[in-house]
Amino acid sequence: MEPSDLKTNENLQEAGTSSKTPGSLLNKPVSRRDVLKMAGIGGLGLLLGGGAAGALFKGTKAFTRKESVLNAGRTNEKVHPFYGKHQSGIITPSQNFLCFASFDLTVASINEVRELFQKWTLAAANMTQGSMLGDSAANTSLNLPPADTGEAAGLIPSRTTITFGAGPSFFDSRFGLASKRPAAFPDLPKFRGDALQPQWCGGDIGVQVCADDLQVAFHAVRNLARIARGSAVLRWTQEGFQRTGAAEPANGTPRNLMGFKDGTGNPDVNDAKLMDEVVWAQAGDGAAWMAGGSYMVARRIRMRLEVWDRSTLDDQQRTFGRYRDSGAPLGGQDEFDPLDLNAKDAAGQPALPVTSHSRLAHMDGNTKLLRRAYSYSSGLDAKTGQLDAGLFFICFQRNVSKQFIAMQQILAASDKLNEYISHVGSAGFACFPGAAEGGYIGDTLF
Ligand code: HEM
């Protein structure tokens, strides 16, 4: 995981204060905090009268960020823009929580897929800005199910990002898009040691929702699934977490469930040139519609925590090639010391063991990808009584063959970490470029 460095995030915008009256809200997306505010000055009945007919969210109104009523009465709330050159949620500093959803399409025509993405775009733009879905009438009619499921009412945007991608099966014969599949986005091969379970694999569409509040993130996935009814069904979901900003105000590199700092060696997301080289698909890469997008690989990697917890600290440190406490490379002093592949220990052996994870993943030093992983804990494995917990590994790159596949082939063959992990889920998604206001996610492809 990359460090969540808020100070350096150029994507953040400051949300203004709002002095909107209830009357003016009737024509606007309703912010979640306004719902509570209005309830406080006379109840939701004030919102009634806008006409309940046609009140359910239909996704036809162009809600834009400018129109949104943000965080009434609050200043300095941080909100990520939804529209822009790139989708948010890729080089965006990690939020505290993840709700990932993989969908399968049930429609038969590209027109219906387009309509779904148009609706999803509007809904996602609203939810990332902290607005309710549907106008006020659509949320207060006593005779209809509310347009918004309501569990995020009153909650701030929580730095929510919603990132959409198309899986390999999106490009099969159903929608006439086979010729559009990028060469940089091949099927993943079977890697040595893979223990993939179908219930954690694949999907036509992947949606990564990240937020600083799990309820806000869940709300987004749930409402997207609701909007998709009749067009797409959920295939699998995965929640993830890391330590919260409240638990670590210093905002250092988060630790994974093995206790090690995870994200130290990530490329610098503030280096735009580097991001163009490592993360963003370029117009000349072969699939012009993906320019400004990025290829995601998601792997559900279970950790054998009970085994790990019985291994010695020395063994653990030699597994990663780093000190547990400081995160520094073995033989080094500081977390951000460069890896010295030639350094020797007192016995004349490589200070970074040849099978250590950091050494192998470093490759030649030129092959990089951007990791944006979250820990997961999904209760117990009923068969073994052991924890079903680990890392929901997410990475972004410009070319899956040259980056993830090349790296994972090396790791699968020799990584000492393999003694303690098992890849049980796998999916790849071509994450579309960002949409301009008035456009929709996927419009460069459809
Ligand atoms: C449960 C599985 C995994 C765990 C617990 C894990 C953990 C770590 C840790 C602790 C580090 C050292 C600190 C850092 O640089 O972030 C690291 C580095 C790294 N990992 Fe992993 N990792 C896992 C899987 C993977 C996978 C599947 C890949 C890619 C195929 C990968 C790629 C990398 C890279 C590129 C680095 C940085 C190497 C460098 O310093 O140049 N990791 N990982």
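Reading guide: rules and limits
- Residues numbered from 1 in each chain as written.
- Predicted model: local features only at pLDDT ≥ 70, side-chain atom pairs only at ≥ 80, totals over all residues.
- Heavy atoms only, no water.
- Helix = DSSP H or I, 4+ residues; strand = E, 2+ residues; numbered from the N terminus.
- Buried < 20%, exposed > 50% of the residue type's maximum accessible area, 1.4 Å probe, protein only.
- Contact = heavy atoms within 4.5 Å.
- Areas by Shrake-Rupley, 256 points an atom, 1.4 Å probe, with all protein chains shown as cover.
- Near = heavy atom within 4 Å.
- Polar contact = N/O pair within 3.5 Å; in protein donor to acceptor, adjacent residues only side chain to side chain.
- Nonpolar A, V, L, I, M, F, W, Y, C, P; charged D, E, K, R; others polar.
- Axes fitted to C-alpha atoms, helices over the stretch in contact; angles between N-to-C directions.
- Parallel < 35°, antiparallel > 145°, perpendicular 65-115°, else oblique.
- Left-handed = near helix turned anticlockwise from the far one by under 90°.
- pLDDT = per-residue confidence, 0-100.
- Phe/Tyr/Trp six-rings, centres within 6.5 Å; stacked < 30°, edge-to-face > 60°.
- Lys NZ or Arg CZ within 6 Å of the ring centre and 35° of its normal.
- Disulfide = S-S within 2.5 Å.
- Expected span 1.5 Å × (residues − 1).
- Salt bridge = Lys/Arg side-chain N within 4 Å of Asp/Glu carboxyl O.

Once that is clear, we can look at the overall build of the chain. Helices and strands together make up the secondary structure of the chain, namely 9 helices and 11 strands. Burial status across the chain gives 55% buried among its 446 residues. Here the analysis covers contacts within the chain between residues at least 6 apart in sequence; of these, 80% occur between residues at least 24 apart. By element, 53% of the accessible surface of the chain is carried by carbon and sulfur atoms, the whole surface being about 18400 Å².

Around the ligand, the structure places 26 residues, and the nearest of them are Gly263, Gly265, His357, His362 and Arg371. Backbone polar atom of Gly263 to an oxygen atom of the ligand: 2.6 Å apart, as the coordinates give it. At 2.9 Å, a side-chain N or O of Arg371 approaches an oxygen atom of the ligand. The set of elements that each furnish at least two residues to the shell around the ligand consists of β7 (294–303), α8 (357–362), β10 (387–397), α9 (401–414) and β11 (421–431). For the shell around the ligand, a count of residues per class yields 13 nonpolar, 9 polar and 4 charged.

Time to look at the packing of helix α3 (residues 110–128) against helix α4 (residues 214–227). Describing two packed helices takes the angle between their axes plus the distance from one axis to the other. Two elements in contact, α3 and α4, have axes whose closest approach is 10 Å; the angle formed by their N-to-C orientations is 160 degrees. Between α3 and α4, the crossing angle belongs to the class labelled roughly antiparallel. Two packed elements cross with a definite hand, and for α3 against α4 that hand is right-handed. Note on element contacts: α4 touches α3 through His219, Ala220, Asn223, Leu224 and Ile227, opposite Lys119, Trp120, Ala123 and Met127. Residues that form the contact of α3 with α4 fall into these classes: 6 nonpolar, 2 polar and 1 charged.

Per-residue pLDDT for the chain has a mean of 87; in total, 83% of the residues score no lower than 70. Throughout residues 1–27 the model reports pLDDT below 50, and contacts reaching past four residues in sequence, or to other chains, amount to 88 contacts. Note that pLDDT drops below 50 for residues 38–76; the model gives that stretch 96 contacts with residues more than four away or on any other chain.

Okay, the packing of aromatic side chains next. The tally for this structure, following the rule as stated, stands at 27 aromatic pairs. When the centroid spacing of 6.2 Å and the interplanar angle of 65 degrees are considered together, the rings of Phe117 and Phe164 count as edge-to-face. Of this pair, Phe117 sits in helix α3 while Phe164 sits in strand β4 (residues 161–166), and the two are 47 residues apart along the sequence. Geometrically, the ring pair formed by Phe185 and Tyr295 is stacked, given 5.6 Å between the ring centres and 20 degrees between the ring planes. Residue Phe185 is located in the loop between β4 and β5 (205–211), and its partner Tyr295 is located in strand β7; the two are separated by 110 residues in the primary sequence. Across this residue pair, the class does not change: Phe185 and Tyr295 are buried. The side chain of Arg300 reaches across the aromatic face of Trp200, ending 3.7 Å from its centre.

A word on the environment of Gly439. For Gly439, the location among the structural elements is in the segment after β11. For the pair Gly439 and Thr121, spaced 318 residues apart in the sequence, the C-alpha separation amounts to 8.4 Å. Setting aside its immediate chain neighbours within four residues, Gly439 contacts Tyr83 and Thr121.

Each disulfide consists of one covalent bond between the sulfur atoms belonging to two cysteines. Summed over the entire model, instances satisfying the criterion amount to 0 disulfides. No disulfide involves Cys210; its sulfur sits 9.3 Å from that of Cys99, the nearest cysteine. Cys210 sits in the buried class, given a relative accessible area of 0%.

A separate point is α4. Taking 1.5 Å of rise per residue, 14 residues should cover 20 Å, and α4 covers 20 Å from first to last C-alpha, within 8% of that figure. If you check which residues of α4 are buried, you get Val216, Ala217, His219, Ala220, Val221, Asn223, Leu224, Ala225 and Ile227. The N-cap of α4, judged by a side-chain oxygen 2.9 Å from the amide nitrogen of Gln215 a few residues on, is Asp213.

Here we take up the environment of Gly332. With respect to the helices and strands, the residue Gly332 is situated in the loop between α7 (313–320) and α8. The exposure class assigned to Gly332 is partly exposed, which follows from its relative accessible area of 22%. Each C-alpha atom, one on Gly332 and one on Ala351, is 9.1 Å from the other, the two residues being 19 residues apart in sequence. Non-local contacts of Gly332, meaning those with residues more than four positions away in its chain, are made with Tyr323 and Asp337.

Note that Thr140 resides in the loop between α3 and β4. Within the local environment of Thr140, its side chain forms a polar contact with the backbone oxygen of Ser136, the two atoms lying 2.9 Å apart.

To continue, consider the pattern of salt bridges. Two side chains that carry opposite charge are able to pair once their charged atoms sit near each other. Counted according to the given criterion, the structure contains 16 salt bridges. With a shortest N-O distance of 3.0 Å, Arg174 and Asp172 are connected by a salt bridge. For Arg174, a relative accessible area of 33% puts it in the partly exposed group. Within this structure, Asp172, Arg174 and Asp204 form a network of salt bridges that share partners.

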